[in-house]
Amino acid sequence: MMMLPKFLGFCLFLCIHIYNVIVDVTVAVATIDDVKIEVLFTPDDCVKKSKKGDLMNAHYDGYLAEDGTQFYCSRSDKAGHPQWFVLGVGQIIKGLDIGMNGMCAGEKRKVTVPPELAFGEKGKGPVPPNATLVFEVEVYSVSKGPRSLESFRDIDLDDDKVLTREEVRFYFKVEYERDGSKPREDSFYERMVNDVFQKSDHDRDGLITLKEYNIYEHDEL
Ligand SMILES: *[C@@H]1O[C@H](CO)[C@@H](O)[C@H](O)[C@H]1NC(C)=O
Ligand SMILES: [Ca+2]
Ligand SMILES: [Ca+2]
């Protein structure tokens, strides 16, 4: 369980990397309106909706709009683990950050993303230049994001300004079970904790400081 999480799929890494590259080299001409959102399924109790900074768990399949070729499938890639990511902070491509806003657990959407908000003029790997992409996404969970100062204070139970694995695990458990959701297995929380530490514990000392915690918060504070 101490290994780096295997469930962090290829696409998530690719998306982060490419997104960073694209932000540097292209002038974004597309806007939020250019992302087309079609809701395919809404569960009855669709109350808790995703917003920027939330931690989400989702499956997504990616297709080229032009001919429907599938270029990514999180169900079959990397042992089919759903992807964990923080919404709205550039951990996934811009078009999905926009297109997955306001989703609840259980919701399914088809999100069409123009190239400016995906892999741009250059494309990447199986994605050709100037490709409009279609993603079919299914959200498994939405939880209060780990990226605000407020949540840092909530997580830091002993108020010593660093987060331990135990504090983060306890926080997620309480967050998940507060709405009466059924308790999850320990391995479920362990994967979340691993993911958070993999992304935030930059010096790998097993503790997350306030500085490490706020690393993605470039447009806030
Ligand atoms: C991609 O689109 C840009 C802007 O419209 C254009 O200049 C470029 O030639 C296109 N690239 C390819 C490979 O089609
Ligand atoms: Ca602490
Ligand atoms: Ca650290």
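Residues numbered from 1 in each chain as written. Chains lettered and ligands numbered in written order. Predicted model: local features only at pLDDT ≥ 70, side-chain atom pairs only at ≥ 80, totals over all residues.

**Student:** Describe the overall build of the chain, listing the residues and the values that go with them.
**Tutor:** When helices and strands are counted, the chain shows 6 helices and 8 strands. In the chain, the succession of helices and strands from N to C terminus is α-β-β-β-β-α-β-β-α-β-α-α-β-α. A sequence separation of at least 24 residues applies to 69% of the contacts in the chain between residues at least 6 apart. (Helix = DSSP H or I, 4+ residues; strand = E, 2+ residues; numbered from the N terminus. Contact = placed C-beta atoms within 7 Å.)

**Student:** Got a sec to walk through the environment of isoleucine 208? Specific residues and values, please.
**Tutor:** Tracing the chain through its elements places isoleucine 208 in strand β8 (residues 208-209). Through-space distance from the C-alpha of isoleucine 208 to that of leucine 163 is 4.9 Å; in sequence the pair is 45 residues apart. With near-sequence residues (within four places) excluded, isoleucine 208 lies in contact with Val162, Leu163, Phe197, Ser200, Asp201 and Tyr213.

**Student:** I'd like to hear about helix α4 (residues 165-177), residue by residue, with values.
**Tutor:** In an α-helix, one turn spans 3.6 residues; hence positions three or four apart end up facing the same way. Under the 1.5 Å per step criterion, the end-to-end length of α4 is 18 Å for 13 residues, consistent within 8% with the ideal 18 Å. Among the residues of α4, those classed as buried are Val168, Tyr171 and Phe172. Projected onto a plane normal to the axis of α4, the buried residues spread over an arc of 95 degrees and lie on a single side. Of the residues in α4, the exposed ones pointing more than 90 degrees away from the buried face are Glu166, Val174 and Glu177. (Expected span 1.5 Å × (residues − 1). Buried ≥ 20, exposed ≤ 12 C-beta atoms within 10 Å, placed from the backbone. Arc of directions from axis to C-beta.)

**Student:** I'd like a description of the nonpolar core, backed by residues and values.
**Tutor:** Residues Met56 and Val113 are the most contacted members of the largest nonpolar core, which totals 39 residues. At the level of elements, β2 (55-64), β4 (83-86), α2 (94-99), β5 (108-113), β6 (133-143), α4 and α5 (186-200) are the ones that each hand at least two residues to this core. Ranked by residues supplied to this core, first place goes to β6 with 5 residues. Viewed by domain, this core spans two of them, domain 1 (10-143) and domain 2 (149-213), each represented by three or more residues. (Core = buried A, V, L, I, M, F, W, Y, C linked by C-beta atoms within 7 Å. Domains from an automatic or database assignment.)

**Student:** Which residues make up unusual backbone geometry, and what are the values?
**Tutor:** In this structure, asparagine 130 is a non-glycine residue whose phi angle is positive, near 55 degrees. Tracing the sequence through the fold places asparagine 130 in the loop between β5 and β6. Look at asparagine 130 and you get partly exposed, because 15 C-beta atoms sit within 10 Å. Of note in this structure, aspartate 159 is not a glycine but carries a positive phi near 55 degrees. On the basis of neighbour count, aspartate 159 is assigned to the exposed category, with 6 C-beta atoms found within 10 Å.

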